[in-house]
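Take a look at the letters that make up each chain.
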Amino acid sequence: MRFPALAAVALALASGSRADAQEPKRPPNIVVIFTDDHAYQAVSAYNHPLKLNQTPNIDRLAKEGVRLDRCLVPNSICGPSRAVLLTGRYSHSNGFYNNTNSRFDGSQTTFPKLLQRAGYQTALFGKWHLVSDPTGFDTWQILPGQGQYYNPPMNRMGERVVMPGYVTDVITDLSLEWLGRRDRDRPFLLMCQHKAPHREWSPALRHLNHNNDRPFPEPDTLFDDYAGRGVAERTQDMTLAKTITALDMKFTDPPGLTPDQKKAWDAYYTPRNTAFKAANPQGRELVRWRYQRYLHDYLGCVKAVDEGVGRVLDYLDKEGLAQNTIVLYASDQGFYLGEHGWFDKRWIFEESVRTPGLIRWPGVARPGTSSERITSLLDVAPTFLEAAGIPIPEGTHGRSMAGLLRGQVPADWRTSFYYHYYEYPGPHNVRRHYGVVTDRYKLVRFYEPGVEYWELFDRQADPRELTSVYGRPEHAAAQRDLHAELDRLRRELRVPETDPPETIILPKKKK
Ligand code: CA
């Protein structure tokens, strides 16, 4: 037995409290399928009322594991969320604040490093987005920056390679090839990190017209006027009405298409674009058209992700690995699918702050159950470390979800959550803000000089978060408690009083 210490813990975890089972089990393998900007509204296991799409393979994880219904991110944007996943710590502790000028300090402790040190073989494929090279992985192959959808160039441990095919398939293929050549005598960590369904939302060519031109239902806040909220919400730049680009809307070709791929692309888009130009819709009709194009492309991207998840799960079944492998599906944050007229993320508000989270862990996660408790990407690292029998490092902000996944929620499980967004000035013009989230309320502080105000949302009365009730007498008691809780969280998490110099974003030099 090569992992006696790990095995004892894995055994105790898998069997609840019984430590008397016959054969010591090996610590579990871990597969993380981490996508970029995948909204829970577009995972059918979440039963969104608009029923936008079907994701049968991702849904398998809900049937065979636990669906996390309130999995929150501490800083709703790509790079920072990845740093949170790896470290189990907030941005002000892991040092990665924003996508504009942060660089991940790869010398800090991460869960892949600790697993590697404990004897796991570790691999990472796909989107990385943390600027510095990955550490803690035996093998890695990453997209530079955001990467491209078709025939993507990649960085294979320092060597530039171009991978023919569609990016989601490429990342799945790399993951399966690595699983096929792994050392079968050691547990593994595989991180399969998709670019999709990130902007510009280019689907696999086989998925063009996946909806047979059937229109998608619209969210009832598509034409939100932002009344009831403050300057930050009214002056953002993330609307279908104003912000969307020709590349997003497929009037410009995406990079990387081969001549044959370009033919297939044109066969779908050209006639539809021609019809659009002839009709020349304006105002609300233009927004409606854009919403349909957006949803077609976005949900098309999700289809390939779902197929990739199915291929990985099938592989685990075929190899007899499923019973001793934890599989997590999550995204780096939530995303707007036209709610409030928006795409993108960044806000403390629900579509943005909440990410899908589905976890299958045979023997621990109760199949077919869900949890409404506040969990977070912060909790992923400590959960995996506990699964592997590795002590959770001091200073970790998240905590292991093992008990919660068993349905035995610890009495002191969090009932409030601290959120903090830093990337301003920056793309989409979302002002810096922080706040506290509870089951019912959100207390939010916008603090940019000149744009300083508080908001309070009562999600019970106002689930779409349309009207701040800050200062209203009927919420005075709740407001007072939330202020106290926000102060407590900031103290406990040691959030700097003012944003540190590393968060300052200088205007980009004109070339
Ligand atoms: Ca993202």
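Basis of the calculations
Note that residues are indexed from 1 along each chain, following the sequence as it is written. Thresholds applied to this predicted model are a pLDDT of at least 70 for local features of residues and 80 or more for the giving and counting of side-chain atom pairs; totals over whole chains, interfaces and linings are not thresholded and use all residues. Water and hydrogen atoms play no part in the side-chain values, which are based on all heavy atoms of the structure. Only when DSSP finds a minimum of two bridges between them are two strands counted as paired. Note on conventions: DSSP H or I runs of at least 4 residues are helices, E runs of at least 2 residues are strands, and numbering of each starts at the N terminus. What counts as an axis is a line fitted to C-alpha atoms, over the stretch in contact for a helix, and the angles between N-to-C directions run from 0 to 180 degrees. Each angle is binned into one of four classes, with values under 35 degrees roughly parallel, values over 145 roughly antiparallel, values of 65 to 115 roughly perpendicular, and all other values oblique. The contact rule is simple, with two residues in contact once any of their heavy atoms fall within 4.5 Å. Charged means Asp, Glu, Lys or Arg here, nonpolar means Ala, Val, Leu, Ile, Met, Phe, Trp, Tyr, Cys or Pro, and polar covers whatever is left, Gly included. In this scheme, a residue with accessible area under 20% of its type's maximum is buried, one over 50% is exposed, and one in between is partly exposed, where area comes from a 1.4 Å probe on protein chains only. Sites may look incomplete because water is not among the atoms; the donors themselves are N, O and S atoms within 2.8 Å of the metal, or within 3.2 Å for Na, K and Ca. Angular criteria define each label, namely tetrahedral for four donors with all angles between 85 and 135 degrees, square planar for four and octahedral for six donors with opposite donors over 155 degrees apart and remaining angles between 65 and 115, and irregular for whatever fails these tests. Salt bridges are identified by distance alone: a Lys or Arg side-chain nitrogen within 4 Å of an Asp or Glu carboxyl oxygen. What we call a nonpolar core is a set of buried Ala, Val, Leu, Ile, Met, Phe, Trp, Tyr and Cys residues that are connected through their side-chain atoms within 4.5 Å.

## Structural notes on the sheet that holds strand E14 (residues 441-448)
Read across the sheet, four strands follow the order E12-E13-E14-E15 without closing on themselves; strand pairing throughout is antiparallel. Both edges of this open sheet fall to strand E12 (416-421) and strand E15 (451-458), since each of them pairs with a single strand only. Geometrically, the sheet is characterised by an average inter-axis angle of 10° between neighbouring strands, direction not taken into account. With eight bridges joining them, E14 and E15 adopt antiparallel strand pairing. From the neighbouring strand, Tyr441 faces E15, where its bridge partner is Asp458.

## Some thoughts on the packing of helix H2 (residues 56-64) against helix H9 (residues 283-318)
H9 packs onto H2 with a crossing angle of 55° between their chain directions and a minimal axis gap of 7 Å. Our classification of the angle between H2 and H9 gives oblique. Counted together, Pro56, Asn57, Ile58, Arg60 and Leu61 of H2 and Val305, Asp306, Glu307, Val309, Gly310, Leu313, Asp314 and Asp317 of H9 form the full contact between these two elements. Here the residues of the contact of H2 with H9 sort into six nonpolar, two polar and five charged.

## As for H2
Burial in H2 covers these residues: Asn57, Ile58, Asp59, Arg60, Leu61 and Ala62. Where H2 is buried, its residues contact strand E2 (66-72), H9, strand E8 (325-331), strand E9 (354-360) and strand E10 (369-371).

## Regarding the packing of helix H8 (residues 259-279) against H9
Orientation of H8 relative to H9, taken along the N-to-C sense of each, is 170°, at an axis distance of 13 Å. Classified by the angle their axes make, H8 and H9 are roughly antiparallel. Taking contact as the criterion, the partners of Tyr268, Tyr269, Arg272, Asn273 and Phe276 in H8 are, on H9, Leu286, Trp289, Arg293, His296 and Asp297. In terms of residue class, the contact of H8 with H9 is built from five nonpolar, two polar and three charged.

## Looking at the coordination of the calcium ion
Taken together, Asp36 (OD), Asp37 (OD), Cys78 (SG), Asp332 (OD), Asp332 (OD) and Gln333 (OE1) make up the full set of protein donors to the calcium ion, lying 2.1 to 2.7 Å away. If you look at the calcium ion, its six donor atoms make angles of 52 to 161° with each other, and the shape they trace is irregular. Mapping the donors of the calcium ion onto the primary sequence gives the spacing D-D-x40-C-x253-D-Q. Placement of the pair is Asp36 in the loop between strand E1 (29-35) and H2 and Asp332 in the loop between E8 and helix H10 (350-353), with a sequence separation of 296 residues. This pair shows no difference in class: Asp36 is buried, exactly as Asp332 is.

## A look at the pairing of strand E6 (residues 159-162)
Summarising the sheet, strand E5 (residues 153-156) and E6 pair through four bridges and their orientation is antiparallel. Of the residues in E6, the one forming a bridge with Arg156 is Glu159. Counting the residues that bridge the hairpin from E5 to E6 gives two residues, and of these Met157 lies at a positive phi of roughly 50°.

## Quick look at the pattern of salt bridges
Tallied over the full model, the rule gives 41 salt bridges. In this structure, Glu319 engages Lys318 in a salt bridge whose closest nitrogen and oxygen atoms are separated by 3.9 Å. For Glu319, a relative accessible area of 30% translates into the label partly exposed. Here Arg414 ties to Asp379 by a salt bridge, and the two come within 2.7 Å at their closest N and O atoms. With Arg414 in the loop between helix H12 (402-406) and E12 and Asp379 in the loop between strand E11 (375-376) and helix H11 (380-387), this residue pair connects regions lying 35 residues apart in the sequence.

## Considering the nonpolar core
In terms of nonpolar packing, the biggest core is built from 85 residues, with Leu189, Met191, Trp347, Phe384 and Leu405 touching the most fellow members. Once you skip the residues sitting within four places of it in the chain, Leu189 turns out to touch Ile30, Val32, Phe111, Pro112, Leu115, Tyr120, Gln121, Thr122, Ala123, Phe137 and Trp178. Counting 67 residues, the second-largest nonpolar core is a separate cluster that includes Ala62, Cys192, Leu316 and Val327.

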